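# Results of the structural survey
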Amino acid sequence: MASSTSSSSSFPLIISLPSTAKEEITVRPQTALGSVRSFINRKYGLVPTSQILETADGTKLSDSNKTIEELGIKQGTELKLSVNLEVAKSPRSLEDVRAWSANGVFEWSRLIGVPEDQAKAFLEQNVDGRLFVALEEAIINSDLKVSMLNCRRISLYLRTSRADAAVVEASGRFTALVPRQPVTTIEFDKADVTSFVVPPGLVSRQATEILLYVRVKLDGDTGVTGDGELQLFTKEGQYTFPKYMAVALGNGSAFSSENIWLPLTSNLQLHIAYVGPAASKNIVGEVFLTGFR
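I will try to describe carefully the structure that is included in this document. Counting starts from 1 at the beginning of each chain's written sequence and moves along it residue by residue. Confidence filtering applies because this is a predicted model: local features only for residues at pLDDT of at least 70, side-chain atom pairs given and counted only at 80 or more, and all residues used for totals across whole chains, interfaces and linings. Only hydrogens and water are set aside; all other atoms, that is, all heavy atoms of the structure, feed into the side-chain values.

If you trace the five strands from one edge of the open sheet to the other, you get S2-S1-S5-S3-S4, paired in mixed fashion. Looking at the sheet topology across the chains shown, the edges are occupied by strand S2 (22–27) and strand S4 (60–61). Strand pairing is defined by DSSP finding a minimum of two bridges between the two strands. Here a helix means four or more residues in a row that DSSP labels H or I, a strand means two or more in a row labelled E, and each is numbered from the N terminus. Summarising the sheet, strand S3 (residues 51–54) and strand S5 (residues 78–83) pair through four bridges and their orientation is antiparallel. Looking at the pairing, Glu54 lines up with Lys80 of S5.

Here is the structure:
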């Protein structure tokens, strides 16, 4: 931790963790309390806004800009850490998440309910916060062997911070969502219309268009041959705004994808329809929300 004092004035500070364990860190009189909070966030996946630090007499330490010296903390002081679980589970800032060490990712995953035997994969593969926020559910499931249920759990709790980070990549009026957000899967065994609402927290209130990434993977015999078609559309009153994507069915391996812009209507609804031969195996379709303008 940065400090303007000499190393000889350093002393250990004891943090009592919620788990009853204790963490000893080295501080200097000029170390800011915010640096202590950052250390806890990095190692334990507890974002600074979720941390409640208090002294033995119950005095809460709230000003992160004040130094250890200004707060009257001396050598031998023990600080008690408690946690606002609601805030800790759904971090508002993606930058806080990116700061996590692999241990921080592990601890946070355990906090939201991922079993220890699955969460350990983040430690074993050294998945720190920067890598963690870039991983899609399919990768966490296939490569790290985390169940799809817990992959969805992770996505759910990170959704707020990802929404706040929607302006990480912007060019002109276009804003990219980083990482892209899975919104639905596509069924090819029946001709039907699937409708869903774009989560309002993912896009700006001023947005008029959304960018979708649609991918279809064929891997084996679908049981039928022929050409199908995906129809993606939004509606405003009596008006429909459609886009189309061709899908070839048969026996073999193929991968097709499209980036599709659609108007974002006042009801925030998106509709997807498949028209073509019914295929119930070896074909997977997914739709992601990747940006808006």
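On we go from here.
For residues other than glycine, phi is negative in most cases, and the peptide bonds are mostly trans. Unusually for a residue other than glycine, Asn126 sits at a positive phi of about 55 degrees. On the secondary structure map, Asn126 appears in the loop between helix H5 (116–124) and helix H6 (129–132). Throughout, exposure labels follow a simple rule: accessible area from a 1.4 Å probe, protein chains only, divided by the maximum for the residue type, with under 20% read as buried, over 50% as exposed, and the rest as partly exposed. For Asn126, a relative accessible area of 55% translates into the label exposed. Unlike most non-glycine residues, Leu268 shows phi in positive territory, near 60 degrees. Along the chain, the position of Leu268 falls in the loop between strand S10 (239–263) and strand S11 (269–275).

Another point: the packing of aromatic side chains. Aromatic rings considered in pairs are described by the distance between their centres and by the relative angle of their planes. Centres within 6.5 Å are what make two rings of Phe, Tyr or Trp a pair, Trp counting through its six-membered ring; a difference in plane orientation under 30 degrees is then read as stacked, over 60 as edge-to-face, and the rest as tilted. Under the criterion given, the structure shown has five aromatic pairs. Taking the centre distance of 5.9 Å and the plane angle of 70 degrees together, the rings of Trp108 and Phe132 count as edge-to-face. Here Trp108 is found in helix H4 (residues 102–111), whereas its partner Phe132 is found in helix H6, with 24 residues between them in sequence. A relative accessible area of 0% means that Trp108 is categorised as buried. Both rings, one in Phe122 and one in Phe132, keep their centres 5.3 Å apart while their planes meet at 80 degrees; by these two values the pair is edge-to-face. Highlighted residues: Phe122 in helix H5 and Phe132 in helix H6, separated in sequence by ten residues. For Phe132, a relative accessible area of 1% gives the class buried. Grouped by ring-pair contacts, the aromatic residues Trp100, Trp108, Phe122 and Phe132 constitute a single cluster.

Think of a 1 Å grid over just the protein atoms. A cavity is a set of points where a 1.4 Å probe fits yet cannot get out, a pocket is an open set with protein on both sides within 12 Å along at least five of seven lines, and lining residues have an atom within 4 Å of a point. Grid points are joined across faces, edges and corners, and a volume is the space filled by probe spheres set on the points. Counted as a void, the largest pocket has a volume near 320 Å³. Lining of the largest pocket is provided by 21 residues; of these, Glu137, Ala138, Pro182, Glu286 and Phe288 occupy positions nearest its centre. Elements with a contribution of two residues or more to the lining of the largest pocket: helix H7 (137–142), helix H8 (148–164), strand S7 (174–186) and strand S12 (283–292). Examining the composition of the lining of the largest pocket, we find that six residues originate from one element, S7, more than from any other. Only Asp, Glu, Lys and Arg are considered charged in this grouping, and only Ala, Val, Leu, Ile, Met, Phe, Trp, Tyr, Cys and Pro are considered nonpolar; every other residue, Gly among them, is considered polar. Residues belonging to the lining of the largest pocket are distributed by class as follows: eleven nonpolar, three polar and seven charged. Here the second largest pocket defines a volume of roughly 240 Å³. Around the second largest pocket, the lining residues are Leu17, Pro18, Ser19, Tyr44, Leu46, Val83, Leu85, Glu107, Arg110 and Leu111. Per-element accounting of the lining of the second largest pocket gives the leading share, three residues, to H4.

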